[in-house]
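Understanding the architecture of this molecule
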Amino acid sequence: MTMDVITLNNGVRIPQVGFGVFQVPPGDTQQAVEHALEIGYRHIDTAAAYNNEAGVGAAVRASGLPREELFVTTKLRNGEHGYESALRAYDETLQRLGLEYADLYLVHWPNPAADLYVDSWRALERIYIDGGVRAIGVSNFLTEHLDRLAKEGEVVPAINQIELHPTYQQRELTALCRQRSIAVEAYSPLGQGGDLDDPVLVSIAEALHVTPAQVVLRWHLQLGHVVIPKSVNPDRIRANFDLSGFALTDDQVASITALDSGNRLGSDPRTFAISQIR
Ligand code: NDP
């Protein structure tokens, strides 16, 4: 089973494979996360906007695992941007999680139309400097948004969580992140399942006696990405974590990298502004 870790720019270690819970219904979340923890996942990715932080926290507490062995990420939603509201939002997030701290807190989207993401970032810096969270980062930030944080902020984001899968790789952005010591975390790492029928992936999977999803996740790991595949299917949850018994050759990695076709599945960070508040 996969226990690889990546060291973030502040020395905090994040398990490279996490369990994403976007679109896991609130009533199913505790059970799904408990199942993931039983398999061996130690990193869970949620968000205020997913309305399932309570289930994540309940599973963490019910697991009986030492809190310091777990890595919990959550995110500030668009409707709570701004300095004071972001501070308040983090307190409310901790209450919903029922935890004393999150390991990683992200600004979920830049929402540039509101022009408040720098203020939100200052609030995350405050929380971090005060010791309320182990690391802070961003999600869906493009070059122009990272540039503003570099100019106007104090703390370099530990992570940028972005859409990244074989048919949508954002290679200029990932190169910039690496250059600035910002770890790259791939969301929708399987292309929401849609990339998995590609004949290149199917043939590599057949040659290695693994599934196309395992091939894609292995490709991410070998490129140094943190990944957070989502599944509600117990067999897939297990398989998505079972990535250590095989490796891709450089040629196989290159043939998957060649599948990039600009196939964005999610929203455009330049315009996405839905607040997702209940
Ligand atoms: P994924 O690429 O993880 O794909 C999930 C889909 O693939 C589901 O339909 C799942 O179905 C299917 N799937 C999972 N494992 C397998 C497998 N082994 N074989 C075949 N199909 C499989 O996409 P998501 O968009 O769900 O992204 C994952 C996580 O990323 C989210 O849960 C969330 O934590 C994060 N995210 C963050 C965003 C952001 O803005 N920061 C935006 C979107 C996602 P099934 O459940 O039936 O197995």
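Our structure is the block above this text.
Residues numbered from 1 in each chain as written. Predicted model: local features only at pLDDT ≥ 70, side-chain atom pairs only at ≥ 80, totals over all residues. Heavy atoms only, no water.

Quick word on the overall build of the protein
Check the secondary structure of the protein and you find 10 helices and 10 strands. Taking 2.2 N^0.38 as the reference for a compact globule, 278 residues should give roughly 19 Å; the C-alpha atoms of the protein span a radius of gyration of 18 Å, in line with that estimate. The dimensions of the protein, computed from C-alpha atoms along their principal axes, are 55 × 40 × 35 Å. Counting all 278 residues of the protein, 55% fall into the buried class. Restricting to contacts in the protein with at least 6 residues of sequence separation, those with at least 24 account for 75%. Of the roughly 11700 Å² that the protein leaves accessible, carbon and sulfur atoms contribute 48%. Between the averaged position of the 23 positive side-chain charges in the protein and that of its 35 negative side-chain charges there is a distance of 3 Å. (Helix = DSSP H or I, 4+ residues; strand = E, 2+ residues; numbered from the N terminus. Rg over C-alpha atoms; globule rule 2.2 N^0.38 Å. Buried < 20%, exposed > 50% of the residue type's maximum accessible area, 1.4 Å probe, protein only. Contact = heavy atoms within 4.5 Å. Areas by Shrake-Rupley, 256 points an atom, 1.4 Å probe, with all protein chains shown as cover. Lys, Arg positive; Asp, Glu negative; His and termini not counted. Charge placed at Lys NZ, Arg CZ, Asp CG, Glu CD.)

Some words on the site of the ligand
Near the ligand, the surroundings consist of 28 residues, among which Asp 45, Ser 188, Leu 190, Ser 231 and Arg 236 are the closest. Between the ligand and Asp 45 there is a distance of 2.8 Å, counted from an oxygen atom to a side-chain nitrogen or oxygen. For the shell around the ligand, the residue count by class is 12 nonpolar, 12 polar and four charged. (Near = heavy atom within 4 Å. Polar contact = N/O pair within 3.5 Å; in protein donor to acceptor, adjacent residues only side chain to side chain. Nonpolar A, V, L, I, M, F, W, Y, C, P; charged D, E, K, R; others polar.)

Brief notes about the packing of aromatic side chains
If you walk through the whole model with that rule in mind, you get six aromatic pairs. Measuring from centroid to centroid gives 4.6 Å for Tyr 90 and Tyr 105, while their planes differ by 50 degrees, and the two rings are tilted. With Tyr 90 in helix α3 (residues 83-97) and Tyr 105 in strand β6 (residues 102-107), this residue pair connects regions lying 15 residues apart in the sequence. Here the aromatic residues Phe 19, Tyr 41 and Phe 241 are joined through ring pairs into a cluster of three or more. (Phe/Tyr/Trp six-rings, centres within 6.5 Å; stacked < 30°, edge-to-face > 60°.)

A look at unusual backbone geometry
In this structure, Asn 111 is a non-glycine residue whose phi angle is positive, near 45 degrees. Examined against the element boundaries, Asn 111 turns out to sit in the loop between β6 and α4 (117-129). For Asn 111, a relative accessible area of 6% translates into the label buried. Residue Gln 192 is not a glycine yet carries a positive backbone phi of 55 degrees. Tracing the chain through its elements places Gln 192 in the loop between β9 (183-187) and α7 (199-208).

Structural notes on the pattern of salt bridges
Within the structure shown, the criterion is met by 13 salt bridges. Among the salt bridges present, the one from Asp 130 reaches Arg 126, with a minimum N-O distance of 3.0 Å. Accessibility expressed as a relative area gives 54% for Asp 130, which makes it exposed. Arg 270 is the salt-bridge partner of Asp 268, the closest N and O atoms lying 3.5 Å from each other. One salt-bridge network, held together by shared partners, links Glu 144, Arg 264, Asp 268 and Arg 270. (Salt bridge = Lys/Arg side-chain N within 4 Å of Asp/Glu carboxyl O.)

A word on helix α8 (residues 212-222)
Taken across its 11 residues, α8 has nine buried, putting it largely inside the fold. Of all the positions in α8, only Ala 213, Gln 214, Val 215, Val 216, Leu 217, Arg 218, Trp 219, His 220 and Leu 221 are classed as buried. Those residues of α8 that are buried lie in contact with β9, α7, β10 (226-227), α9 (234-239) and α10 (250-257). Positive backbone phi, approximately 90 degrees, marks Gly 224, located one or two places after α8.

Observations regarding the sheet that holds strand β8 (residues 159-163)
Strand order in this open sheet of eight strands is β3-β4-β5-β6-β7-β8-β9-β10, and the pairing throughout is parallel. For this open sheet the edge positions go to β3 (19-20) and β10, each flanked by a neighbour on one side alone. Both β9 and β10 contribute to a ladder of two bridges, which runs parallel. Across the sheet, the residue bridging to Glu 185 is Val 226, located in β10. (Pairing = 2+ DSSP bridges.)

Quick look at the environment of Leu 164
Relative to the helices and strands, Leu 164 resides in the loop between β8 and α6 (171-179). For Leu 164, a relative accessible area of 0% corresponds to the buried category. As a C-alpha pair, Leu 164 and Val 227 span 63 residues in sequence and 9.2 Å in three-dimensional space. If sequence neighbours within four positions are ignored, Leu 164 has contacts with Gln 169, Thr 174, Val 184, Ala 186, Tyr 187, Ser 188, Pro 189, Trp 219, His 220 and His 225.

Some words on the pairing of β8
The element β8 is extensively covered by neighbouring structure, given that five of its five residues are classed as buried. One ladder, built from two bridges, connects strand β7 (residues 133-139) with β8; its direction is parallel. Along β8, the bridge assignment pairs Ser 139 with Gln 161. Once you follow β7 into helix α5 (residues 143-152) and on to β8, the crossover reads as right-handed. Two elements, β8 and β9, share five bridges in a ladder whose sense is parallel. Bridged to Ile 159 within β9 is Ala 183. For the segment spanning β8, α6 and β9, crossover handedness is right-handed. (Right-handed = clockwise from strand over helix to strand, strands pointing away.)

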